[in-house]
Amino acid sequence: MVRVSLAALATAAAIPLVSAVDISVKATGGNATSPHQYGFLHEDINNSGDGGLYAELIRNRAFQSSNNYSSTLDAWSPVNGASLSLKDLDEPLSKALKTSVHVAVGASSSSKGKNSSQVGLANDGYWGMDVKIQPYAGSFWVKGDYEGSFTASLQSNLTGEVFGSTKIKAKCSPAEWVEHEFKLTPTKDAPNSNNTFSLTFDAAVSSDKHTSPDIDFVKRVADDSLVSQGAKDGSLDFNLISLFPPTYKGRKNGLRIDLAEAIAGFHPTLLRIPGGNMLEGNNKDAWWDWKNTLGPLKDRPGFSGVWSYQQTNGLGLMEYLWLAEDMDLEIVLGVYNGLSLNGDIIPQDELQPFVDDALDQIEFVSGAASTKWGAVRAELGHPAPFKLQYVEVGNEDWLAGGAEGWATFKEYRFPMFLEAINKKYPHITVISSGSVFDGYDIPKPAAGDYHIYGTPDSLVEQFNLFDNVTTPHIIGEAAAVHPNGGLGWNAGLLEYPWWSGTIGEAVSMIGYERNADRIIGAAYAPIIRSLDRWQWAAVMIQFAADPAKTTLSTSWYLWENEDKGSYLFKGAVFNSTNGDDVPVSLAFEGVHPGTEAELTILTGPEDPYGFNDPFTGVNVVKTTKEKVVSDKEGKFAFSMPDLSIAVLETKGSKCDKRKREMKQGLRH
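Predicted model only: the values in this text are computed from it and were never measured. (Residues numbered from 1 in each chain as written. Predicted model: local features only at pLDDT ≥ 70, side-chain atom pairs only at ≥ 80, totals over all residues. Heavy atoms only, no water.)

### Details of the overall build of the chain
Piece 1. Counting secondary structure elements, the chain contains 11 helices and 31 strands.
Piece 2. Taken over 668 residues, the chain has a buried fraction of 59%.
Piece 3. Considering only contacts within the chain whose residues lie at least 6 apart along the sequence, 77% involve residues at least 24 apart.
Piece 4. Within the structure as shown, the chain displays about 26,200 Å² of accessible surface, and the carbon and sulfur contribution to it stands at 50%. (Helix = DSSP H or I, 4+ residues; strand = E, 2+ residues; numbered from the N terminus. Buried < 20%, exposed > 50% of the residue type's maximum accessible area, 1.4 Å probe, protein only. Contact = heavy atoms within 4.5 Å. Areas by Shrake-Rupley, 256 points an atom, 1.4 Å probe, with all protein chains shown as cover.)

This is the structure in structure tokens:
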């Protein structure tokens, strides 16, 4: 399948547009075009990883801490008066997970019944939990002297109604940590997402002769002669309490289905990982170390997140790679290069270990199973190497470290990584974290990375930006985030992508795509955000615990990128004269009269600031599809409204032979 042409009908607000546009696409000359890569950048901003794309339902499941965040009982609450406390035991679950929760019988526990008491702890999830009649996979680790069973339940946080529960036979030991796994399938759907998960155990079951409510409950629990079954001293230690719903493609430790399907639905072709700021970390002691994200969850220490919360590292490098494979995405692998967000810079004489670490990371992703790190990947379930053609060194080095950071990047940090990677992996395109527009004469054969967060007008101005740039670039982050005529970064971001901003993005993207010989691809960023906790507003997909709140923004419809045609035209109209429709006459060299094509036109609301609202469910994007047929001169004729996007894809076989012969190009 060959894409032979792209064109944009775009003007700045004050420039009049002619009343009709005639476009003739020749087989030679013009800007080179080709199947283009559209994708996304993902990092755990907006709880888009933990509590979002990563399907884990339990928040603060392992009480992780870091140099920036202390362990807490956030999201946890006692059940039946239990006493909860955090402890660093002499024998922790693992070196990575040192803190656990101690659950003990509380003084008020006996009020729940004179013959028995279920005590434990409950978790309210990431601001709720979606409960459906479907299998949930759970696990937890316990240390302590206990004979009996545990009860895992999903229930309403409003009414206490239990939607599903299961018993798990205890395998506990006071001498070691023991993992317990279970399946839980609710018997009914919860009416909303205001639900919790609880895990309880029998603190004590007393004999019949001791039934007086005057006996102190805690003392009875400690008296072995009064206890026939239960926790011997009335307490147990727990860690890594986990619960997963069904996941995307059935992956263990996998992705939330509705969010993964929403991402897959715009047909991305590339994935930049592990994000931008997350790669850098807050300081030189807290950068995203890919090795800490591998292997069993009990061996992942978590990450001191850069967005004001501790991250679990549950969504690690291997999970990103599975995501790329499941969605057939090209990987753009980010490697840490010695600059952190606070401006920490690794000096030249200390940088080589980080260069070596990047080579190890590349070997883990793409090396044969016979290599050191390829063998580690094979042990984790993927013997075959992942395809890797692009490696980006650092992230926005022109920004975080100021003048010194940018100078050291150009002077020694990027050259050291470029030389080492090209020497060992000459087929890999190494990407600088800055562009030629950041004042960098990027050394060959490296590529650049250009980021644009702007107004609709500034994005429209991108249309011709790369026409005369010879250095390859990726558009690593792009989105309309500010309204025209506003205060820009001084006023913050609009809360949702809006229609005229989406049109601005369309014009810039067409400009990038018509220069596909020098643009590797473009990534929307950020991709998703939680409606309950976020730092960055304008994203492609909004979500909450309730999947009904998952909302595709206006930009999602623009980036939807499935190409089924033989010849392809893309156009966008931005602020036409007097808001009039624009007549278009389009001819492809080699397309015969009577050739059928499908014309898709996206239009928005009368209000150019209209957006898709997750709280009303209203979609302001109108999609119209119709069949058009080329006339006796081989031309397709149609009209485009102001603030609209059009895609025309040919159908039929009359031009099949010609399409194979044509070179890709554009004249407009």
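### A closer look at the sheet that holds strand E23 (residues 528-530)
Piece 1. Sheet architecture is open: three strands sit in the order E23-E24-E25, paired in mixed fashion. Only two strands of the sheet have a single neighbouring strand rather than two, namely E23 and strand E25 (551-552).
Piece 2. The pairing of E23 with strand E24 (residues 541-543) spans three bridges and is parallel. In the strand pairing of E24, Arg529 is matched with Gln542.
Piece 3. On the sheet, helix H2 (residues 257-264) packs against E23, E24 and E25 and is oriented at approximately 170° with respect to E24. (Pairing = 2+ DSSP bridges. Axes fitted to C-alpha atoms, helices over the stretch in contact; angles between N-to-C directions.)

### Side note on the sheet that holds strand E21 (residues 473-480)
Piece 1. Taken together, eight strands build an open sheet; the order of strands is E19-E18-E17-E16-E3-E22-E21-E20 and the sheet is parallel. Of all strands in the sheet, those bounded by a partner on one side alone are strand E19 (429-432) and strand E20 (448-454). Strand-to-strand twist of the sheet, defined as the mean angle between neighbouring strand axes without regard to direction, takes the value 25°.
Piece 2. The strands that helix H5 (residues 352-366) touches are strand E17 (330-335) and strand E18 (390-393); relative to E17, the one it contacts most, it runs at about 155°.
Piece 3. The strands touched by helix H7 (residues 402-424) are E17, E18 and E19; relative to E19, the strand with the most contacts, the crossing angle is about 165°.

### Thoughts on the pairing of E20
Piece 1. With seven of its seven residues buried, E20 lies for the most part within the structure.
Piece 2. Of the two faces of E20, the one lined by Gly448, Tyr450, Ile452 and Gly454 and the one lined by Asp449, His451 and Tyr453 are each fully buried.
Piece 3. Relative to E21, E20 runs parallel, the two being bridged by six bridges. Across the sheet, His451 pairs through a bridge with Glu477, a residue of E21.

### Some details on H2
Piece 1. Turning to H2, its buried residues number three or more, namely Leu259, Ala260, Ala262 and Ile263. What you see down the axis of H2 is that its buried residues fit within an arc of 160°, all on one side.
Piece 2. If you follow the buried residues of H2, they end up packed against strand E3 (38-41), E23, E24, E25 and helix H10 (554-559). (Arc of directions from axis to C-beta.)

### With respect to H7
Piece 1. Helix length check: H7 (23 residues) gives 31 Å between terminal C-alpha atoms against 33 Å at 1.5 Å per residue, within 8%.
Piece 2. If you look at H7, its biggest bend is around 55°, right at Phe409. (Expected span 1.5 Å × (residues − 1). Bend = angle between axes of the 7 residues up to and from the residue.)

### A short note on the packing of helix H4 (residues 317-326) against H5
Piece 1. Contact pair H4 / H5: the axes reach a minimum separation of 11 Å and the direction vectors enclose 45°. Overall, the two elements H4 and H5 adopt an arrangement that is oblique. Viewed along their axes, H4 and H5 form a crossing whose handedness is right-handed. From H4, Leu317, Met318 and Leu321 reach across to H5, where they touch Gln361, Phe364 and Val365.
Piece 2. Broken down by class, the residue content of the contact of H4 with H5 amounts to five nonpolar, one polar and no charged. (Parallel < 35°, antiparallel > 145°, perpendicular 65-115°, else oblique. Left-handed = near helix turned anticlockwise from the far one by under 90°. Nonpolar A, V, L, I, M, F, W, Y, C, P; charged D, E, K, R; others polar.)

### Observations concerning the side chain of Asn277
Piece 1. For Asn277, the position within the fold is in helix H3 (residues 277-280).
Piece 2. With relative accessibility at 19%, the residue Asn277 sits in the buried group.
Piece 3. Here Asn277 is in contact with Glu43, Val306, Trp307, Leu341, Asn395 and Glu396, once residues within four sequence places are set aside.

### What about the pattern of salt bridges?
Oppositely charged side chains can pair when the atoms bearing their charge come close.
Piece 1. In this structure the tally under the stated criterion is 25 salt bridges.
Piece 2. Measuring nitrogen to oxygen at the nearest pair gives 3.4 Å for the salt bridge that ties Asp299 to Lys298.
Piece 3. Given the relative accessible area of 25%, Lys298 is considered partly exposed.
Piece 4. Lys627 serves as the salt-bridge partner of Glu596, at 3.6 Å between the closest nitrogen and oxygen. Taken as a pair, Glu596 in strand E28 (residues 596-603) and Lys627 in strand E29 (residues 622-629) lie far apart in primary sequence, 31 residues in all.
Piece 5. Lys627 gets classed as exposed once you look at its relative accessible area, which sits at 56%.
Piece 6. Where salt bridges share partners, they join Arg272, Glu392, Asp449 and Glu477 into one cluster. (Salt bridge = Lys/Arg side-chain N within 4 Å of Asp/Glu carboxyl O.)

### Some points on the pairing of E18
Piece 1. Neither face of E18 is open: one carries Tyr390 and Glu392, the other Val391 and Val393, and all of them are buried.
Piece 2. Pairing analysis gives four bridges linking E17 to E18, with the strands arranged parallel. From the neighbouring strand, Leu333 faces E18, where its bridge partner is Val391.
Piece 3. For E18 and E19, the ladder comprises four bridges, and the chain directions are parallel. Across the sheet, residue Glu392 finds its bridge partner in E19, namely Ile431.

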